[in-house]
Amino acid sequence: MSSQHEHKKMDDVDPGLNSSDLDVIESNQTEANGKKEKYPYVVFLIIVNEFCERFSFYGMRTILFIYFTQFIKMNEDTATAVYHAYSSLCYFTPILGAIIADGFIGLYSTIVSLSIVYFIGETIVTLTSITPLGAPNVYGPVIGLILIAIGTGGIKPCVSAFGGNQFKPTQTRYLENFFSVFYLSINIGSTIATILTPIFRSDVKCFGDDCYPLAFGVPALFMLIAIALFLLGTPFYVRSKVRKGKNVILETLQVIFCGIKNKFEMRKYIKKRTLVRLCGRVKFFQTNYL
């Protein structure tokens with residue numbers, strides 16, 4: 001009966017359809033028959049990883065301006081400039097992360113390596129906030145914040161894409177659910193961090209002052225947990241092949257550069273051609289009329 005039913009379905013298919021249309025029909029028939037692909041549960045590690053990373057980032061950023069003005073004793077103008085420079089760098093470095101992942105080492109290796117850079121930066125900021133270790137000073141936090149900006153920005157375009165790669169093309173509903181939970185984890189992590197980190201700073205005293213080592217140390221610990229959770233899923237991840245040496249962004253920049261270069265060269269050629277024509281006309285006039 002099932003064989004006759006399948007033959008009947010195939011007879012109903014329009015013979016003018018191409019192979020891609022037939023694949024879609026076959027996929028829909030598979031879903032209708034109740035044959036579902038296995039859910040990649042390893043993505044929950046990626047979701048919790050993102051929660052911890054966002055807790056880490058927003059937890060540290062929430063008290064950063066107060067740290068500059070009240071602990072390091074920067075004036076408000078300088079603190080504002082440093083804070084916005086750091087924020088701008090965080091949203092510029094995703095381009096760097098995309099280039100590294102897309103053309104050199106892949107999403108997985110980019111996430112791991114830049115997460116470690118991220119954690120090192122947070123560790124530097126935490127240690128340089130400890131009074132017996134020479135705090136307050138400016139250079140340590142600035143170096144740490146640069147590393148954090150490279151880390152958080154570098155992994156920003158990679159984590160969501162890597163999570164999406166764990167699903168098969170036919171698992172569109174699963175993929176939609178994943179991204180909904182993924183972005184929910186971002187909002188929950190940032191909200192909890194924004195509430196808790198100021199409490200760690202003000203309600204706990206360290207060395208007779210507000211406890212910045214604890215307020216920075218907890219986000220750093222969450223980043224360490226994020227790295228550990230991500231590494232835990234290593235044997236189970238689906239990884240795509242890297243087109244080494246090829247990158248969409250770099251190729252686009254090359255096209256733009258070549259276009260500008262050709263534009264200037266064409267102008268030179270047109271000017272030279274016009275000059276040659278002009279000289280020819282002058283010579284013709286001198287020969288025939290002078």
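Residues numbered from 1 in each chain as written. Predicted model: local features only at pLDDT ≥ 70, side-chain atom pairs only at ≥ 80, totals over all residues. Heavy atoms only, no water.

Thoughts on the overall build of the protein
And step 1. On a plain count of helices and strands, the protein comes out with ten helices and two strands.
And step 2. Secondary structure elements of the protein occur, N-terminal to C-terminal, as α-α-α-α-α-α-α-α-β-β-α-α.
And step 3. The buried share of the protein, taken over its 290 residues, is 35%.
And step 4. Element-wise, carbon and sulfur atoms account for 65% of the exposed surface of the protein, whose accessible area totals about 17,900 Å². (Helix = DSSP H or I, 4+ residues; strand = E, 2+ residues; numbered from the N terminus. Buried < 20%, exposed > 50% of the residue type's maximum accessible area, 1.4 Å probe, protein only. Areas by Shrake-Rupley, 256 points an atom, 1.4 Å probe, with all protein chains shown as cover.)

Some points on the packing of helix H6 (residues 94-127) against helix H7 (residues 139-164)
And step 1. Contact geometry for H6 and H7: axes closest at 6 Å, N-to-C directions at 140 degrees. Our classification of the angle between H6 and H7 gives oblique. Seen from above, H6 lies across H7 with left-handed handedness.
And step 2. For the contact of H6 with H7, the residue count by class is 24 nonpolar, ten polar and two charged. (Axes fitted to C-alpha atoms, helices over the stretch in contact; angles between N-to-C directions. Parallel < 35°, antiparallel > 145°, perpendicular 65-115°, else oblique. Left-handed = near helix turned anticlockwise from the far one by under 90°. Nonpolar A, V, L, I, M, F, W, Y, C, P; charged D, E, K, R; others polar.)

Some details on a nonpolar patch on the surface
And step 1. On the surface, Phe104, Ile105, Leu250, Leu253, Ile256, Ile260 and Phe264 cluster together into a nonpolar patch covering about 640 Å² of accessible area.
And step 2. Those elements that place two or more of their residues in the nonpolar patch are H6 and helix H10 (248-289).
And step 3. The element best represented in the nonpolar patch is H10, accounting for five residues.
And step 4. On the accessibility criterion, Phe104 (43% relative accessible area) is partly exposed. (Patch = residues over 30% accessible without salt bridge, like charges linked within 9 Å, V, L, I, M, F, W, Y side chains within 5 Å. Salt bridge = Lys/Arg side-chain N within 4 Å of Asp/Glu carboxyl O.)

Quick look at the state of the cysteines
Working definition of a disulfide: a covalent bond connecting the sulfur atoms of two cysteines.
And step 1. Enumeration according to the criterion identifies one disulfide in this entry.
And step 2. Each sulfur of the disulfide joining Cys206 and Cys211 lies 1.7 Å from the other. Here the S-S torsion is close to -55 degrees, and the disulfide linking Cys206 with Cys211 is therefore left-handed.
And step 3. For Cys211, a relative accessible area of 2% corresponds to the buried category. (Disulfide = S-S within 2.5 Å.)

Here's the deal with the side chain of Asp210
And step 1. Within the fold, Asp210 resides in strand S2 (residues 209-210).
And step 2. Asp210 sits in the buried class, given a relative accessible area of 14%.
And step 3. Within the local environment of Asp210, its side chain forms a polar contact with the side chain of Arg201, the two groups lying 2.7 Å apart.
And step 4. When neighbours within four sequence positions are excluded, Asp210 is seen to be in contact with Gln70, Arg201, Ser202, Val204 and Lys205. (Polar contact = N/O pair within 3.5 Å; in protein donor to acceptor, adjacent residues only side chain to side chain. Contact = heavy atoms within 4.5 Å.)

Focus on unusual backbone geometry
And step 1. The amide bond that connects Ala135 to the next residue, Pro136, takes the cis arrangement and shows omega of 0 degrees.
And step 2. Inspection of the secondary structure puts Pro136 in the loop between H6 and H7.
And step 3. If you check the backbone angles, Lys73 has positive phi at about 70 degrees while not being a glycine.
And step 4. Inspection of the secondary structure assignment puts Lys73 in the loop between helix H4 (64-71) and helix H5 (76-92).
And step 5. What makes Lys73 exposed here is its relative accessible area of 63%.
And step 6. The backbone phi angle of Phe207 is positive, close to 55 degrees, even though this residue is not glycine.

Observations concerning the nonpolar core
And step 1. Among the nonpolar cores identified, the biggest contains 52 residues, and Phe68, Tyr86, Phe162, Phe216 and Phe230 are the most heavily contacted of them.
And step 2. At the level of secondary structure, the elements contributing two or more residues to this core comprise helix H3 (43-62), H4, H5, H6, H7, helix H8 (172-203) and helix H9 (212-232).
And step 3. Take this core: its biggest share by element is nine residues, from H9.
And step 4. Residues in contact with Phe68, not counting those within four places in the same chain, are Lys73, Met74, Ala79, Val82, Tyr83 and Leu145. (Core = buried A, V, L, I, M, F, W, Y, C linked by side-chain atoms within 4.5 Å.)

Quick word on H4
And step 1. Among the residues of H4, those classed as buried are Leu64, Tyr67, Phe68, Thr69 and Phe71.
And step 2. As for H4, its buried residues are in contact with H3, H5, H6, H7, S2 and H9.
And step 3. Following H4 by one or two positions, Lys73 adopts a phi angle in the positive range, close to 70 degrees.

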